[in-house]
Amino acid sequence: MTASAWIQLSLVFGLVLLLAYPLGSYMARVYTGAPTVLGRLLGPVERLAFRALRVEATREDGWATYARQLLVFSAVSLLMTYALQRLQGLLPLNPLTLDGVEPTLALNTAISFVTNTNWQAYGGETTMSYLTQMLALGTQNFASAAAGMAVLVALVRAFTRTGATGIGNFWVDLVRGTLYILLPLATAFAITLAALGVVQTFDPPATVQLIEPVSDSVSTQVIPLGPAAGQVAIKQLGTNGGGFYNVNSAHPLENPTPMSNFLELVAILLIPAALCVTFGRMVGDTRQGWAVLAAMVIILVPLSIATVMAEQAGTPVLVNAGADVGASALQSGGNMEGKEVRFGIVGSALWATATTAASNGSVNAMHDSFTPLGGLAPTWLMQLGEIVFGGVGSGLYGMLIFALLTVFIAGLMVGRTPEYLGKKVEAFEIKMSALVILLPSSAVLLGTALAVATQAGRSGILNPGPHGFTEILYALSSTSNNNGSAFGGLTVNTTFYNILLGVTMWIGRFGVMIPVLAIAGSLAAKKRVPAGAGTFPTHTPLFTGLLIGTILLVGALTFLPALALGPVVEQLLAAGASR
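Before going into details, it helps to say that this report is about the structure given with it. (Residues numbered from 1 in each chain as written. Predicted model: local features only at pLDDT ≥ 70, side-chain atom pairs only at ≥ 80, totals over all residues. Heavy atoms only, no water.)

**Digging into the overall build of the protein chain**
At step 1: Within the protein chain one finds 19 helices and four strands.
At step 2: Dimensions of the protein chain, computed from the C-alpha atoms along their principal axes, are close to 80 × 60 × 45 Å.
At step 3: Taking as baseline every contact in the protein chain between residues at least 6 positions apart, the subset at least 24 positions apart corresponds to 78%.
At step 4: Approximately 22,100 Å² of the protein chain is accessible, and the part contributed by carbon and sulfur atoms is 68%.
At step 5: Put simply, the protein chain has 26 plus and 25 minus side-chain charges, and the middle of one group is 18 Å from the middle of the other. (Helix = DSSP H or I, 4+ residues; strand = E, 2+ residues; numbered from the N terminus. Contact = heavy atoms within 4.5 Å. Areas by Shrake-Rupley, 256 points an atom, 1.4 Å probe, with all protein chains shown as cover. Lys, Arg positive; Asp, Glu negative; His and termini not counted. Charge placed at Lys NZ, Arg CZ, Asp CG, Glu CD.)

**Let's talk about the packing of aromatic side chains**
At step 1: A full pass over the atoms with the stated rule returns twelve aromatic pairs.
At step 2: For the pair F73 and W171, a centre-to-centre distance of 5.9 Å together with 85° between the ring planes defines the contact as edge-to-face. Of this pair, F73 sits in helix α3 (residues 63-86) while W171 sits in helix α7 (residues 170-195), and the two are 98 residues apart along the sequence.
At step 3: Summarising the aromatic geometry, the rings of F496 and Y497 are spaced 5.0 Å apart at their centres and angled 85° between planes, so their arrangement reads as edge-to-face.
At step 4: Residue class for Y497 comes out buried when judged on its relative accessible area of 0%.
At step 5: Across the ring face of F370, the terminal group of K339 is positioned such that the distance to the ring centre comes to 4.4 Å. (Phe/Tyr/Trp six-rings, centres within 6.5 Å; stacked < 30°, edge-to-face > 60°. Buried < 20%, exposed > 50% of the residue type's maximum accessible area, 1.4 Å probe, protein only. Lys NZ or Arg CZ within 6 Å of the ring centre and 35° of its normal.)

**Observations regarding the side chain of S144**
At step 1: For S144, the location among the structural elements is in helix α6 (residues 130-160).
At step 2: Setting aside chain neighbours within four positions, we find S144 in contact with F113, V114, N116, N240 and R509.

**Here's the deal with the layout of surface pockets**
Rolled over the atoms, a probe with the dimensions of a water molecule shows which regions are left empty.
At step 1: Looking at the largest pocket, its volume works out to about 550 Å³.
At step 2: Lining the largest pocket are 28 residues, and of these N246, V363, M366, A486 and G488 lie nearest its centre.
At step 3: Here the lining of the largest pocket is built from residues that sort into 14 nonpolar, twelve polar and two charged. (1 Å grid on protein atoms, 1.4 Å probe; cavity = no way out; pocket = protein on both sides within 12 Å on 5 of 7 lines; lining within 4 Å. Points joined across faces, edges and corners; volume = space filled by probe spheres on them. Nonpolar A, V, L, I, M, F, W, Y, C, P; charged D, E, K, R; others polar.)

**Re the pattern of salt bridges**
At step 1: This structure, assessed with the given rule, holds ten salt bridges.
At step 2: With a closest N to O distance of 2.7 Å, E46 and R176 form a salt bridge. Note that E46 is positioned in helix α2 (residues 39-53) and R176 in helix α7, a separation of 130 residues in sequence.
At step 3: Here E46 falls in the buried class, since its relative accessible area comes to 10%.
At step 4: Among the salt bridges present, the one from K526 reaches E429, with a minimum N-O distance of 2.9 Å. Of this pair, K526 sits in the loop between α18 (495-525) and α19 (541-577) while E429 is found in helix α15 (residues 427-453), placing the two residues 97 residues apart along the sequence.
At step 5: You can call E429 buried: its relative accessible area is 1%.
At step 6: One network of salt bridges, in which partners are shared, links E426, E429 and K526. (Salt bridge = Lys/Arg side-chain N within 4 Å of Asp/Glu carboxyl O.)

**A few points about the nonpolar core**
At step 1: Ranked by size, the top nonpolar core spans 164 residues in total, and within it L269, F389, L396 and Y420 carry the most contacts.
At step 2: Element by element, the count of residues in this core is highest for α6, at 18 residues.
At step 3: Ignoring any residue separated from it by four or fewer positions in sequence, one finds L396 in contact with L152, L275, C276, F279, V292, M296 and F389. (Core = buried A, V, L, I, M, F, W, Y, C linked by side-chain atoms within 4.5 Å.)

**Some remarks on α7**
For the α-helix, the turn length of 3.6 residues means that residues three or four positions removed from each other point alike.
At step 1: Helix length check: α7 (26 residues) gives 36 Å between terminal C-alpha atoms against 38 Å at 1.5 Å per residue, within 8%.
At step 2: For α7, the N-terminal capping position is held by N169, with its side-chain oxygen 3.0 Å away from the main-chain nitrogen of W171.
At step 3: Downstream of α7 by a residue or two, G197 has a phi angle that is positive, lying close to 115°. (Expected span 1.5 Å × (residues − 1). Polar contact = N/O pair within 3.5 Å; in protein donor to acceptor, adjacent residues only side chain to side chain.)

**Quick notes on empty space enclosed by the protein**
At step 1: What the rule picks out here adds up to five cavities of 30 Å³ or more.
At step 2: Space inside the largest cavity adds up to approximately 310 Å³.
At step 3: As for the largest cavity, its lining consists of 27 residues, and the residues nearest its centre are G385, E386, V436, P440 and N481.
At step 4: Only α14 (394-414), α15, α18 and α19 provide two or more residues apiece to the lining of the largest cavity.
At step 5: Residue classes in the lining of the largest cavity are distributed as eleven nonpolar, 14 polar and two charged.
At step 6: Taken as a whole, the second largest cavity spans an internal volume of roughly 90 Å³.
At step 7: In terms of lining residues, the second largest cavity is bounded by 14 residues, among which L96, E125, M128, Y130 and L225 are the most central.

**A look at unusual backbone geometry**
At step 1: One non-glycine residue, N116, adopts positive backbone phi at about 65°.
At step 2: The topology assignment puts N116 in the loop between α4 (103-114) and α5 (124-127).
At step 3: Although it is not a glycine, L421 adopts a positive phi angle of roughly 55°.
At step 4: Relative to the elements of secondary structure, L421 occurs in the loop between β3 (419-420) and β4 (423-424).
At step 5: The exposure class assigned to L421 is buried, which follows from its relative accessible area of 15%.

Have a look at this one:
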């Protein structure tokens, strides 16, 4: 770790933690219906939306109704997103006169954006019209993020209820999360990004003269343009990650400078961190939120440092071959393959760990070009279940599931019925928690096994051996846990992968959300248990340590064998070849 690396790491996490408290406090007021600074301006819009949806803001629903409304909304969103892609050739704002998207790719993309995964098996600037990017994909960037936050606040409310049947109103939570949180933040951030050079225009692609023509017949270049700043803002703040351009946040018109890179990196982690404060405020004990946030930071920071160190160490074969010294050094300062020089190793490695920890999925470097150990940490962060910061809403409710497991294990140790925030954790909650963990994990492992066992899956591999296995494992880890980042080096725009990855994305989203809402319904109906002498306090360093241990142990037991077949053995082979 260089001095520059420590400075960048400190600045990113320092600013995230600094902004988390005021934003988290504000979001708690939004979701509890308390007055906010934007209430006078946006209140009429909120009431208009409720009238259009025929929603009574004061009505609360049980968990089954809440889940049904979530599924209906997501299904309608899926159909609309699919239809807009298929029909884009007949619609306006299509300067390249692009045809409708191929059916299986359109379905995969629709599932991807509705599930907040934003897996992209296409090149945005050459596949999607401006209208499709904005109305289909951009809209889902807001809607899927707001849906994730809605499920979180429903679970948090359950801890505050006693003998209740209702956990909230899905439509109210969806509208308020979009209107009062995501739209204002995205608007302000989009303006900032446009000022920093991110393109935002409806102009057709620009043709420019090359300074050094390739040949007499090739002297110009076509540069795709479009309304990118608005989509970049919400893709980062909503932990969506879908790029306007094919190379995502490595593109100079999406992420032009080190300053834009720094601000986008902060935006990826900001709302997930702030929601921990929201959680603490809503349950009436801010220490609970800080304990959970501490666990996230303690897991992410060492893995970020490990990734930076692995990339700065460079490729073992080149180092031992003497290619890292002298004026003609191939990797002076570390492994720069696949990285943008304007960001460097540190900016790329920090982004890789933040985007995989926060279920964001955007990339500013080619993960396929990372060293084996440098690629291991981002892969494992996804496999932990996207709970270390995680997606907006989804990360924290996943972390709270692990908190329930932690107090359950602690209760078994002392022979006492476990409690969390005054609610007894019993068989039903543990069964549902097991589903939350097992369904995405099973989708990763079974999907990977299917891909490597079939010709249709193996035909997409561009690199042989353990690296090719890692490419498949990464893809399934990304989609099953709703991250969306791509390792690269794997041809996924095929019927096989479009369907397989679409199914795993759906399982990873709703196979988790429905059990979480069922837990919320069960907890809301329970009476609060007063804290006693035997109550395990869940705001202490001891609880945070047990929570971290539970997360890492489950992640290691589930995925270490698969990781051993990919990045671990690849690192050992590289080290052996360098001797």
